Amino acid sequence: MPTNSGHVRLSGWTGSGEKVPVAAARKKTLQEGLQSLGWIEGKNVQIDYRFGDGDIKRIERHAADLLQSNPDVILAQGVLGAQSMQQVTRSLPVVFVQVADPVGGGFVATLARPDGNMTGFTDAEYTMSGKWLEVLKEMAPRVARLLVLLSPGNTARWTGYFQALQAAAPVAGVELIPGAVRSRDDISRSIETFANTPDAGLLVPPDAVTTEHQQMIFELANRYRLPAVYPLLSYGSDTVDQFRQAASYIDRILKGTRPADLPVQATVKFELAVNLKAAKAIGLDVPPTLLARADEVIE
């Protein structure tokens, strides 16, 4: 049960930045989910928001600070968030979201029986990587070389995706060019250098560093007329919905359930979004069949 006489301190966000466009929707969804279960922010629950802005060192500092605030449960976003919390505590309940392969990452023993202080929600659907290539080639058949932006500090997040990409690439007829990025400057330099490659395209697997700088990636892809999977078009899990689901686990933990008794749940909802405006800006005609399958079309 809560340790703060009924007034719960919930500390969270050790992943993407506060200014990421989707962050507001995630925050609102979490708050609404908790409210529907009787946890009202400012009344019987206090939420300390800490944003890492994709900076690994900052995320680690936040994890240590959050532990010192003596919370009842922590919400950790992404692999970096989960890793940072695992480094500072093996006893405080942690609910994670957007964690790829939590078993392989060492966060839980099994999906059905986490057997520790962590549980949550995984979006690890590595076969999705083949869909990324399929959708990109449908929109831009000429693409033969793909720059894949990867953060060396977050291999647990994207390794499975990249291995699946390597298996699917020969079938799709594309060559993968890994680009190591740790910062905004790395991203800019990688894209600008690669832009002169013939039949080039861009692929951005989910990662805290690239998510933090997604607007710049979008602008560079547009400037250099690079067909891209995220943010030009995206095919992925509904990350906002994971925060609604996380509220239910937070509620159960605050009422006495152990994380070890809550199975890790996998994403079952996937969405395809097409940025029609961006496609037109770089001279791409989006096939009607692709638009018909899209859950969201940005015009």
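Structural notes on the overall build of the protein
Stage number 1. Secondary structure summary: the protein contains 11 helices and 13 strands in total.
Stage number 2. Expressed as a percentage of its 299 residues, the buried residues of the protein come to 53%.
Stage number 3. Nonlocal contacts in the protein, meaning residues at least 24 apart in sequence, comprise 74% of its contacts between residues at least 6 apart.

Side note on the pairing of strand E5 (residues 118–122)
Stage number 1. A large share of E5 lies buried, amounting to 5 of its 5 residues.
Stage number 2. Bridge analysis of strand E4 (residues 94–97) against E5 gives 3 bridges, and the strand direction is parallel. The residue bridging Val95 from the neighbouring strand is Thr119, located in E5.
Stage number 3. By the bridge criterion, 2 bridges tie E5 to strand E11 (residues 265–266) in an arrangement that is parallel. If you follow Phe121 over to E11, its bridge partner there is Gln265.

Observations regarding the pattern of salt bridges
Stage number 1. Summed over the entire model, instances satisfying the criterion amount to 9 salt bridges.
Stage number 2. Residue Lys131 pairs with Glu134 through a salt bridge whose shortest N-O separation is 3.8 Å. Taken as a pair, Lys131 and Glu134 lie in helix H4 (residues 128–139) at a separation of 3 residues, close to a single helical turn.
Stage number 3. Lys131 sits in the partly exposed class, given a relative accessible area of 34%.
Stage number 4. Given a relative accessible area of 41%, Glu134 falls into the partly exposed group.
Stage number 5. One salt bridge connects Arg223 with Glu192, and the closest N-O pair in it is separated by 3.9 Å. Of this pair, Arg223 sits in helix H8 (residues 214–223) while Glu192 sits in helix H6 (residues 184–194); the two residues are 31 residues apart in sequence, bridging distant segments of the chain.
Stage number 6. Judged by relative accessible area, Arg223 falls into the exposed class, the value being 52%.
Stage number 7. Linked through salt bridges whose partners overlap, the residues forming this network are Arg113, Arg258 and Asp261.

A word on the packing of helix H1 (residues 23–36) against helix H9 (residues 239–254)
Stage number 1. In the contact formed by H1 and H9, the axes pass within 8 Å of each other and the chain directions differ by 30°. Relative to H9, the element H1 is oriented roughly parallel. Here H1 runs over H9; the crossing is right-handed. Residues Ala25, Arg26, Thr29, Leu30, Gly33 and Leu34 of H1 touch H9, and the partners they reach there are Thr239, Val240, Phe243, Arg244, Ala247 and Ile250.
Stage number 2. In the contact of H1 with H9, the residues fall into 7 nonpolar, 3 polar and 2 charged.

What about the nonpolar core?
Stage number 1. Ranked by size, the top nonpolar core spans 31 residues in total, and within it Leu133, Leu146, Leu165, Leu176 and Leu203 carry the most contacts.
Stage number 2. If you list the elements that add at least two residues to this core, you get H4, strand E6 (145–150), helix H5 (155–172), strand E12 (270–275) and helix H10 (276–281).
Stage number 3. Ignoring anything within four residues of it in the chain, the contact list for Leu146 reads Leu133, Leu136, Val174, Glu175, Leu176, Ile177, Phe194, Gly201, Leu202 and Leu203.
Stage number 4. Leu30, Trp39, Tyr49 and Leu262 belong to the second-largest nonpolar core, a separate cluster that totals 20 residues.

A look at H6
Stage number 1. When we look at burial in H6, the residues that qualify are Asp186, Ile187, Ser188, Ser190, Ile191 and Phe194.
Stage number 2. The inward-facing, buried residues of H6 contact E6, strand E7 (175–180), strand E8 (200–203), helix H7 (208–212) and H8.

Quick notes on the packing of helix H2 (residues 56–68) against helix H3 (residues 78–88)
Stage number 1. Put simply, H2 and H3 touch, their axes get as near as 9 Å, and they point 45° apart. Looking at the two axes, H2 sits oblique to H3. Handedness of the H2/H3 crossing: right-handed. Contacts from Ile56, Ile59, Glu60, Ala63, Ala64 and Leu67 of H2 reach H3 at Leu80, Gly81, Ser84, Met85, Gln87 and Val88.
Stage number 2. Of the residues contributing to the contact of H2 with H3, the split by class is 8 nonpolar, 3 polar and 1 charged.

Details of H3
Stage number 1. The element H3 is largely enclosed, with a buried count of 8 among its 11 residues.
Stage number 2. Where H3 is concerned, the buried positions are Gly78, Val79, Leu80, Gly81, Ala82, Ser84, Met85 and Gln86.

With respect to the confidence of the model for the protein
Stage number 1. For the protein, per-residue confidence averages 84 on the pLDDT scale, and 88% of positions sit at 70 or higher.
Stage number 2. Scored below 50 in pLDDT, residues 1–7 shows 16 contacts in the model against residues more than four places distant or in partner chains.

Some details on the environment of Gln265
Stage number 1. Here Gln265 shows up in strand E11.
Stage number 2. Assessed through its relative accessible area of 33%, Gln265 is described here as partly exposed.
Stage number 3. Put simply, Gln265 and Gln242 are 23 residues apart on the chain and 9.5 Å apart in space, counted from C-alpha to C-alpha.
Stage number 4. Among residues more than four places away in sequence, those in contact with Gln265 are Gly120, Phe121, Thr122, Gln245 and Tyr249.

How each quantity is defined
- Residues numbered from 1 in each chain as written.
- Predicted model: local features only at pLDDT ≥ 70, side-chain atom pairs only at ≥ 80, totals over all residues.
- Heavy atoms only, no water.
- Helix = DSSP H or I, 4+ residues; strand = E, 2+ residues; numbered from the N terminus.
- Buried < 20%, exposed > 50% of the residue type's maximum accessible area, 1.4 Å probe, protein only.
- Contact = heavy atoms within 4.5 Å.
- Pairing = 2+ DSSP bridges.
- Salt bridge = Lys/Arg side-chain N within 4 Å of Asp/Glu carboxyl O.
- Axes fitted to C-alpha atoms, helices over the stretch in contact; angles between N-to-C directions.
- Parallel < 35°, antiparallel > 145°, perpendicular 65-115°, else oblique.
- Left-handed = near helix turned anticlockwise from the far one by under 90°.
- Nonpolar A, V, L, I, M, F, W, Y, C, P; charged D, E, K, R; others polar.
- Core = buried A, V, L, I, M, F, W, Y, C linked by side-chain atoms within 4.5 Å.
- pLDDT = per-residue confidence, 0-100.

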